[in-house]
Amino acid sequence: MKFGGTSVGSPQRMKEVARLVEQNDRSIVVLSAMSGTTNTLVEIADYYAKSNRESANALIGKLRTTYMNHVRNLYSTEEVKAKTADFLETIFTTLLSYGKDAYTPRIGREIVSKGEIMSTTMMTNYFNEQGIKTVLLNALEFMEIDADKEPSVSNIATKLQPKIDAYPDAQYFITQGFICLNHDGEVDNLQRGGSDYTASLIGAALRAEVIEIWTDIDGMHNNDPRVVENTQPVHQLHFEEAAELAYFGAKILHPTCVLPAKAAGVPVKLLNTMDPTAEGTVINSIFREKEIKAIAAKDNITAIKIVSSRMLLQTGFLRKVFEIFETYHTSIDMVTTSEVGVSMSIDNTDYLASIVAELKKYGTVEVDRNMCIICVVGDLIADNVGYESKITNALRNIPIRMISYGGSNHNISFLISENDKQAALQALSKEIF
Ligand code: ADP
Ligand code: ASP
Ligand code: MG
């Protein structure tokens, strides 16, 4: 069971999480930091990076006040209040101490790891105060990424299983989402929103019955609820449909989280902490034909077009183009080709200038920023005629920069300007659902 930031966002919510967990047999509980905490920690790290110790200290002070208030409201016994406050005090002292040294990215990563370390300790102390036998597992002792920043499910299993076996009487295990150790043995993380990934890696490693992602909405909705009104929950998704929606912007799931679950054949459920009896979404290997499931949008996309009459129909042209992106560790989301050129979209622009400089050796390069990918997911297999025209028809008033279809049986994607995103999502919902 994984609970996100809002689900553990206040003492009251933490108590509700305990009530939900208690209804289950032996489980592993993965927690995010309390909502807002990771953002604050990132801000603190940014202040240190700019040698602005004063602003960092002020933020740490504010965070400390908030957490000490939580302690007063969460526990009923003075003993547990004191014990938890002492622990949190060591964290705030550590956060303050980072200001004494010259800032490094390593310090930054240590700072952002503290949110999950605090929430899991607070929760474990609460469970045990309530008489629920619970063991806190340190994620840094089993969650590791390699030199390519990839975790390995089998390594996690090898390290985690003995820790579980060592406590045959424990009802529940609580551990931190998001945080891990890297190849150099330093504290690192699985990227923002990565607690979902932790849960799915653990679920796959231990061959769990189910991976439950508890959040603040009743499952995956058929469109982005932050942008479109009256979206509806989708009750079932195939692993690949869920992976595509997550990758193309459905924030409810971290993009990489579906993969380990799919590989291990463990179903994933998306459930609502605020409304625990709601059906939510189950993600499994069942593929329902003739259904469009959902629409998602991914912002901050940059389109790059290279036009080259010299290269027209020459073998090896695409390889040369793609190799440039590989050299700069930049992955491409969408590709369309024509006789004279190639259009690609990327979301990581760290190396854009270098990529463009190299591409210019082969032709004329155009760059469009502030674009957005709109992705429609469902049964879009070629035999299922009619859906593509319905989808493109919905977008008849939107200028479309690229269309990608046929890369998978589940997806058709459009690249449009970010300014047209809301209109496009609304039009699609109206036409399809
Ligand atoms: P948590 O902190 O529990 O990980 P997140 O904020 O990461 O929660 O994800 C849940 C949020 O995802 C929802 O509140 C919702 O605004 C957003 N979201 C975006 N797209 C979708 C979608 N298609 N279905 C459901 N939620 C979505
Ligand atoms: N706390 C981390 C974040 O805010 C990880 C997570 O919540 O999934 O990104
Ligand atoms: Mg999340």
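Look above for the structure.
Predicted model, so just to flag it, every value in this text is computed and none were measured.

## Regarding the site of ligand 2
And then number 1: In the vicinity of ligand 2, the contacting residues are Ser-32, Ala-33, Thr-38, Glu-116, Phe-178, Arg-192, Gly-193, Gly-194 and Ser-195.
And then number 2: Backbone polar atom of Gly-193 to an oxygen atom of ligand 2: 2.8 Å apart, as the coordinates give it.
And then number 3: One of the backbone N or O atoms of Ser-195 is found 3.0 Å from an oxygen atom in ligand 2.
And then number 4: Its residues assigned to classes, the shell around ligand 2 shows two nonpolar, five polar and two charged.

## A word on the side chain of Thr-330
And then number 1: Relative to the assigned elements, Thr-330 resides in the loop between α10 (317–327) and β12 (332–337).
And then number 2: Overall, the relative accessible area of 5% leaves Thr-330 in the buried class.
And then number 3: Not counting residues up to four positions away in its chain, the partners in contact with Thr-330 are Phe-325, Ile-346, Asn-348, Tyr-351 and Ile-355.

## Things to note about the site of ligand 1
And then number 1: In the vicinity of ligand 1, 16 residues are found, and the nearest of them are Lys-2, Thr-215, Asp-216, His-221 and Lys-251.
And then number 2: A distance of 2.8 Å is found between a nitrogen atom of ligand 1 and a backbone nitrogen or oxygen belonging to His-221.
And then number 3: For ligand 1, whose accessible area on its own is 570 Å², the fraction buried by protein is 86%.
And then number 4: Grouping the amino acids of the shell around ligand 1 by side-chain chemistry returns five nonpolar, six polar and five charged.

## A few points about the sheet that holds strand β11 (residues 292–307)
Pairing between sheet strands relies on hydrogen bonds along the backbone, with the strands arranged either parallel or antiparallel.
And then number 1: Read from one edge of the open sheet, six strands run β12-β13-β11-β14-β16-β15, paired in antiparallel fashion. A strand with exactly one partner marks an edge of an open sheet, and here the two such strands are β12 and β15 (402–405). Going across the sheet, the axis of each strand differs from the next one's by a mean of 30°, ignoring polarity.
And then number 2: Two elements, β11 and strand β14 (residues 364–378), share 12 bridges in a ladder whose sense is antiparallel. Its bridge partner being in β14, Lys-298 is matched across the sheet by Ile-373.

## Structural notes on the packing of helix α1 (residues 11–22) against helix α5 (residues 105–129)
And then number 1: Where α1 meets α5, the closest approach of the two axes is 10 Å, and the angle between their N-to-C directions is 60°. Looking at the two axes, α1 sits oblique to α5. Between α1 and α5 the crossing geometry is right-handed. Between α1 and α5, the residues in contact are Met-14, Lys-15, Val-17, Ala-18, Arg-19 and Val-21 and Ser-119, Met-122, Met-123, Tyr-126 and Phe-127, respectively.
And then number 2: Tallied by class, the residues present in the contact of α1 with α5 amount to eight nonpolar, one polar and two charged.

## Quick word on the environment of Leu-136
And then number 1: Turning to its location among the elements, Leu-136 is positioned in strand β3 (residues 134–137).
And then number 2: Sequence separation between Leu-136 and Phe-325 is 189 residues; the distance between their C-alpha atoms is 42 Å.
And then number 3: Setting aside chain neighbours within four positions, we find Leu-136 in contact with Thr-120, Thr-121, Thr-124, Ile-174 and Gln-176.

## Quick look at the nonpolar core
And then number 1: If you look at the biggest cluster of nonpolar residues, it comprises 104 residues, and the most contacted ones within it are Phe-3, Ile-44, Phe-92, Ile-111, Phe-127 and Leu-253.
And then number 2: Counting residues per element, this core draws most heavily on α5, which supplies nine residues.
And then number 3: With near-sequence residues (within four places) excluded, Ile-111 lies in contact with Leu-41, Ile-44, Ala-45, Tyr-48, Leu-95 and Tyr-98.
And then number 4: Ranked by size, the runner-up nonpolar core spans 21 residues in total, among them Ile-374, Ala-394, Ile-416 and Leu-428.

## Considering the packing of aromatic side chains
And then number 1: Going through the model one piece at a time under the given rule, you end up with six aromatic pairs.
And then number 2: On the basis of an interplanar angle of 65° and a centroid distance of 6.4 Å, the ring pair of Tyr-167 and Phe-173 is categorised as edge-to-face.
And then number 3: Accessibility expressed as a relative area gives 1% for Phe-173, which makes it buried.
And then number 4: Aromatic pair Tyr-328 and Tyr-351: ring centres 5.9 Å apart, planes at 35°, arrangement tilted. Of this pair, Tyr-328 sits in the loop between α10 and β12 while Tyr-351 sits in the loop between β13 (341–346) and α11 (352–359), and the two are 23 residues apart along the sequence.
And then number 5: A residue is classified by how much of its surface remains accessible, and Tyr-328, at 18% relative accessible area, is buried.
And then number 6: Overall, Tyr-351 belongs to the partly exposed group, its relative accessible area being 36%.
And then number 7: Between Lys-298 and the ring centre of Tyr-247, over which it is positioned, the NZ or CZ distance is 3.9 Å.

## Notes on the environment of Asn-370
And then number 1: Secondary-structure assignment places Asn-370 in strand β14.
And then number 2: In this structure the C-alpha to C-alpha distance between Asn-370 and Ala-427, which are 57 residues apart in sequence, comes to 20 Å.
And then number 3: Excluding its chain neighbours within four sequence positions, the residues that come into contact with Asn-370 are Ile-301, Ser-417 and Glu-418.

## So, the packing of helix α4 (residues 78–97) against α5
And then number 1: Viewed as axis vectors pointing N to C, α4 and α5 meet at an angle of 175°, and their least axial separation amounts to 10 Å. On the basis of the axis angle, α4 is roughly antiparallel to α5. Taken together, the residues of α5 that come into contact with α4 (itself represented by Val-80, Lys-83, Thr-84, Phe-87, Leu-88, Ile-91, Phe-92, Thr-94 and Leu-95) are Ile-111, Lys-114, Ile-117, Met-118, Thr-121, Met-122, Asn-125 and Glu-129.
And then number 2: Across the contact of α4 with α5, the residue classes break down as 10 nonpolar, four polar and three charged.

## What to know about the pattern of salt bridges
And then number 1: Taken as a whole and assessed by the stated rule, the structure comprises 21 salt bridges.
And then number 2: Between Lys-421 and Asp-299 there is a salt bridge, and its shortest N-O distance comes to 3.0 Å. Pair noted here: Lys-421 is in helix α13 (residues 421–432) and Asp-299 is in strand β11, with a separation of 122 residues, a long-range link.
And then number 3: Residue Lys-421 is classed as buried on the basis of its relative accessible area of 12%.
And then number 4: Arg-319 serves as the salt-bridge partner of Glu-323, at 3.3 Å between the closest nitrogen and oxygen. Of the two residues, Glu-323 and Arg-319 are both situated in helix α10; the distance of four residues between them amounts to about one turn of the helix.

What counts and how
- Residues numbered from 1 in each chain as written.
- Chains lettered and ligands numbered in written order.
- Predicted model: local features only at pLDDT ≥ 70, side-chain atom pairs only at ≥ 80, totals over all residues.
- Heavy atoms only, no water.
- Near = heavy atom within 4 Å.
- Polar contact = N/O pair within 3.5 Å; in protein donor to acceptor, adjacent residues only side chain to side chain.
- Nonpolar A, V, L, I, M, F, W, Y, C, P; charged D, E, K, R; others polar.
- Helix = DSSP H or I, 4+ residues; strand = E, 2+ residues; numbered from the N terminus.
- Buried < 20%, exposed > 50% of the residue type's maximum accessible area, 1.4 Å probe, protein only.
- Contact = heavy atoms within 4.5 Å.
- Areas by Shrake-Rupley, 256 points an atom, 1.4 Å probe, with all protein chains shown as cover.
- Pairing = 2+ DSSP bridges.
- Axes fitted to C-alpha atoms, helices over the stretch in contact; angles between N-to-C directions.
- Parallel < 35°, antiparallel > 145°, perpendicular 65-115°, else oblique.
- Left-handed = near helix turned anticlockwise from the far one by under 90°.
- Core = buried A, V, L, I, M, F, W, Y, C linked by side-chain atoms within 4.5 Å.
- Phe/Tyr/Trp six-rings, centres within 6.5 Å; stacked < 30°, edge-to-face > 60°.
- Lys NZ or Arg CZ within 6 Å of the ring centre and 35° of its normal.
- Salt bridge = Lys/Arg side-chain N within 4 Å of Asp/Glu carboxyl O.

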